[in-house]
Structure formats: structure tokens, C-alpha cells
Amino acid sequence: MFEIFLKKLMVCIMFFVIATAASAQEKQVLFIAGGPSHGFGSHEHLGGSTLLARTINEADIGVNATVVSGWPEDRSIFDNIDAVVIYSDGGRGHLMLDHIEEFREVMDRGVGLVNIHYAVEVPKGDGGDAMLGWMGGYFELNWSVNPHWVLSINELPNHPATNGVKPFELDDEWYYHMRFQENMKNITPIITKLPPKESLIREDGGHSNNPHVREAILLREEPQHMAWAYERNNGGRGFGFTGGHWHWNWGQESFHRLVANAIIWSAGVEVPEMGISVQSVSALELAEMTDDPIPNDWDSKQIQDMLDKANKIHD
């Protein structure tokens, strides 16, 4: 009897060791979500982060994604992280700005970094220099602009982030004219398009318009990069994505897949040939992920119709 018990115990121990080893091999992604910002349906940092984390976890590809709200007080949370995703307000209110030096230690280990939408903007100087080194580019005041416009993407480069991503067309606040590493060193543009002239009709301002961007678009007609991948010299990876203003756009499959692919790529994971699996999400489901209460007069059908059309364009 004792021998049978001992054998069963050894089997249990072996299963425990195997399970523990498998868990230890999982890549870890940490989402740092900003707080409420622009009202219902836009800049839904926590909701968008939660949805992307759910997509990654449900894909069952050896990646575990965790979401925290606000900058973590416990620095040990970064100890075993393979990639950090920041989805928050930016500029002088960027969550990272008060933690640049401590975060530098994380980046120096080769941890990946993905910044989404407003989080690509940091002030020129220490913040800008840090972002250039970690992500390859950033939104610079009086150089970059943040207009709303309909971006139609028909071609995408061959990169793991674009695996399984079909062409798409979406209205968003697509930033452009980023400040990049000199000569685009180690940068692979992912979404590139010449913005329409109508995106530069606003008066000059820190975010709206400036002589530099007018010269680039109106005179030289230079295509602009709205998303890019960056490979650092220490093996770390960065990804900048300027879309993400409208919460509803996460219901567009290719938009959603592109960002989820980029996140796991930044963590050093091999992206599936057809991209990460993305489950359909409805307008009502998205609304339930918002920080603000759903307005009584909100028309879910209008948003759902937009998503249905966006998802069928290139089927």
C-alpha cells in the first residue's frame, strides 16, 4: 500500500513540477491603463486595455496579460515582465514622466514597450529622448499633429504585427508627422499613408498644425507613419500606435488584431501565421467596458452598423 501511495505521490509531484515549469515559461505582459479622460466612448484606457488583455489570454499562446489602473506603486511588478503596454493620456500628464529613471532599468533589460494613442505623446527633452530610445519615435508638440480623419489601408508590410491583418478603413484621431530616430534607424513602418489635405485645415497650435507638417504634406507629399515597430540594440522591441481614440474601433477585427499582434511581438513571442485569434465584440459589449455611464440617448445600433460595415469592407 505504501509503495502505491509513494508512486501516486511521485506522479503528483511530477505533474506539479511540469505545470510550474510551463507557467514559468509563459511570457508576461503588463498593461498600465490611464484613468477616465475624454468622456463616454473615447480614450477608454481601462476598457481597451482589458479587452486587449482578454484577447491575448484567450488566445492561449503562452502569454499572460495583466491590467493595472494607474502607475504601479510596487516596482516589483516589473520584475518578470516581458512587455509593458501603456494606454493613457500623454503630454505632461503621461504616467511615465515621474518614473523615467526607474523605468529605464526595466527597458535596459530588453523589456518590450507598446504605447497606444495619446500615450505616444511626451514632452520634448527627457521624456522625448527616452521614448526615442525605447520606442523609436513619439509625438512632439509643434511638430506632430492629431487630426481626426478616415484612414483607408489597402497594403500592409510583411511583419509579424501584420499577420492575418486585412486592409481596413476607420475614422480615428490618427496622429502623424512623428519625431523618429534619425534615418528611421531600426524602425519598420507598419501603417503608412499620405494624409488628406483636409487634415491640415486647423490653425497653428501645439497639436493642430505647424509649418513643418504643412511642408511635409502639402509641398513634398510625404507619406506618414501612424504605426511603427522598433528594434532596440539590446534586443528590446517597441511599438507605437497612434489610433485608439474611439473605443468602438476595437470592434473592428483587423484594427484589434494588429495591436494585439504587436503586443505579443514586443514580448518576444512568435506571432501566429494568421495572427492572434480575435473574438467578435459588439457595440453593447464595448459600451459596458467604459469608465463613464452609458448615456440614455446613446444609439448602439448606429455604432453596431458602423462596425458591421467596417468588418465587411474587405471580407
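Worth saying up front: this structure is predicted, and the values here are computed from it rather than measured. (Residues numbered from 1 in each chain as written. Predicted model: local features only at pLDDT ≥ 70, side-chain atom pairs only at ≥ 80, totals over all residues. Heavy atoms only, no water.)

1. Here's the deal with the nonpolar core
As a reminder of what qualifies: In this text, buried Ala, Val, Leu, Ile, Met, Phe, Trp, Tyr and Cys residues form a nonpolar core when linked through side-chain atoms within 4.5 Å. Here's how the labels work: a residue is buried when its accessible area is under 20% of the maximum for its type, exposed when over 50%, partly exposed in between, all with a 1.4 Å probe on protein chains only. Runs of E in the DSSP output that reach at least two residues are strands. Runs of H or I that reach at least four are helices, and both are numbered from the N terminus. Every residue pair with non-hydrogen atoms within 4.5 Å of one another is taken to be in contact.
Ile 191 and Phe 241 are the most contacted members of the largest nonpolar core, which totals 59 residues. When residues in this core are grouped by element, the largest group, eight residues, is from helix 6 (residues 253-266). Those residues in contact with Ile 191 that lie beyond four places of it in its chain are Leu 151, Ile 153, Leu 156, Phe 168, Trp 174, Gln 224, His 225, Met 226, Ala 227, Phe 241 and Leu 258. Judged by nonpolar contacts, the second largest core, of 32 residues, contains Val 111, Leu 113, Met 178 and Tyr 230.

2. Thoughts on the sheet that holds strand 10 (residues 224-231)
Quick reminder of the rule: When DSSP finds at least two bridges between two strands, those strands are taken to pair. Interaxial angles span 0 to 180 degrees and are taken between N-to-C directions of axes, which are lines fitted to C-alpha atoms, for helices over the stretch in contact.
Strand order in the open sheet formed by seven strands is 2-1-3-4-11-10-9, with mixed pairing between adjacent strands. A single partner strand is all that each edge strand has here, and the edge strands are strand 2 (63-69) and strand 9 (187-193). Across the sheet, the mean angle separating the axes of adjacent strands is 15 degrees when strand polarity is ignored. As paired strands, strand 4 (residues 112-116) and strand 11 (residues 237-241) are joined by four bridges and run parallel to one another. In the sheet register, Leu 113 faces strand 11, and the bridge partner there is Gly 238.

3. Quick look at unusual backbone geometry
With a phi angle near 55 degrees, His 117 is a residue other than glycine that sits in the positive phi range. Turning to its location among the elements, His 117 is positioned in the loop between strand 4 and helix 4 (126-135). In this structure, Asn 183 takes a positive phi of about 65 degrees despite not being glycine. Along the chain, Asn 183 turns up in the loop between strand 8 (179-180) and strand 9.

4. Considerations on the pattern of salt bridges
Formally: Salt bridge, as used here: a side-chain nitrogen of Lys or Arg that lies within 4 Å of a carboxyl oxygen of Asp or Glu.
In the structure shown here, the tally under the stated rule is ten salt bridges. For Asp 305, the salt bridge is made with Lys 301, and the minimal N-O distance between the two is 2.8 Å. Taken together, the positions of Asp 305 and Lys 301, both in helix 8 (residues 300-312) and four residues apart, correspond to about one turn of that helix. Residues joined in a network through salt bridges with shared partners are Arg 75, Glu 102 and Glu 105.

5. Describing the side chain of Glu 140
Let me state the cut-off plainly: Polar contacts, as used here, are pairs of N or O atoms within 3.5 Å; protein pairs need one atom able to donate a hydrogen and one able to accept it. Residues neighboring in sequence count only if both atoms are side-chain atoms.
With respect to the helices and strands, the residue Glu 140 is situated in the loop between strand 5 (137-138) and strand 6 (148-153). Within the local environment of Glu 140, its side chain forms a polar contact with the side chain of Tyr 138, the two groups lying 3.0 Å apart. Filtering out sequence-adjacent residues up to four positions away, Glu 140 remains in contact with Lys 124 and Arg 179.

6. Observations regarding the environment of Tyr 175
Relative to the elements of secondary structure, Tyr 175 occurs in the loop between strand 7 (168-173) and strand 8. On the accessibility criterion, Tyr 175 (3% relative accessible area) is buried. Counting along the chain gives 98 residues from Tyr 175 to Glu 273, while the straight-line C-alpha distance between them is 29 Å. In this structure, Tyr 175 is in contact with His 117, Tyr 118, Val 120, Phe 139, Val 145, Asn 146, His 225, Met 226 and Thr 242, ignoring residues within four places of it in sequence.

7. Re helix 6
Test applied: The span expected for a helix works out to 1.5 Å for each residue beyond the first.
With 14 residues, helix 6 extends 20 Å from end C-alpha to end C-alpha; this agrees with the ideal 20 Å at 1.5 Å per step. The backbone nitrogen of Ser 254 has a side-chain oxygen 2.9 Å away, supplied by the residue at the start of helix 6, namely Gln 252. Just downstream of helix 6, Gly 268 is the residue with a positive phi angle, here 85 degrees.

8. With respect to the pairing of strand 10
Counting buried positions along strand 10 gives seven out of eight residues, so the element sits mostly inside the fold. Pairing of strand 9 with strand 10, which is carried by six bridges, proceeds in the antiparallel orientation. Residue Ile 191 lies in a different strand from strand 10, and its bridge partner there is Ala 227. One ladder, built from five bridges, connects strand 10 with strand 11; its direction is antiparallel. Each residue of the ladder has a partner; that of Ala 229, found in strand 11, is Phe 239.

9. A short note on the packing of aromatic side chains
We apply this condition: Under the pairing criterion, centres of Phe, Tyr and Trp rings, with the six-membered ring standing for Trp, must be within 6.5 Å; the plane angle then separates stacked pairs below 30 degrees from edge-to-face pairs above 60, leaving the rest tilted. As a reminder, the over-ring test applies to NZ of lysine and CZ of arginine, requiring each to be within 6 Å of the ring centre and within 35 degrees of the ring normal.
As enumerated under the stated definition, the model contains 16 aromatic pairs in all. Ring geometry for Trp 149 and Tyr 176: centres 6.1 Å apart, planes at 90 degrees, overall edge-to-face. On the criterion of sequence distance, the pair formed by Trp 149 in strand 6 and Tyr 176 in the loop between strand 7 and strand 8 is long-range, its members being 27 residues apart. A single burial state applies to Trp 149 and to Tyr 176, both of which are buried. Through a chain of ring-to-ring contacts, three or more aromatic side chains come together here, namely Tyr 87, Phe 168, Trp 174, Phe 241, Trp 250 and Phe 255. Above the face of the Trp 143 ring, Arg 179 is positioned so that its terminal group lies 3.9 Å from the ring centre.

10. Section: the packing of helix 3 (residues 100-108) against helix 4
Note the cut-off: In what follows, roughly perpendicular refers to angles from 65 to 115 degrees, roughly parallel to angles under 35, roughly antiparallel to angles over 145, and oblique to any angle outside these ranges.
Interaxial distance between helix 3 and helix 4 falls to 12 Å at its minimum, and their mutual angle equals 10 degrees. In terms of orientation, helix 3 lies roughly parallel with respect to helix 4. Between helix 3 and helix 4, the residues in contact are Ile 100, Phe 103, Arg 104 and Met 107 and Asp 126, Gly 127, Ala 130 and Trp 134, respectively.

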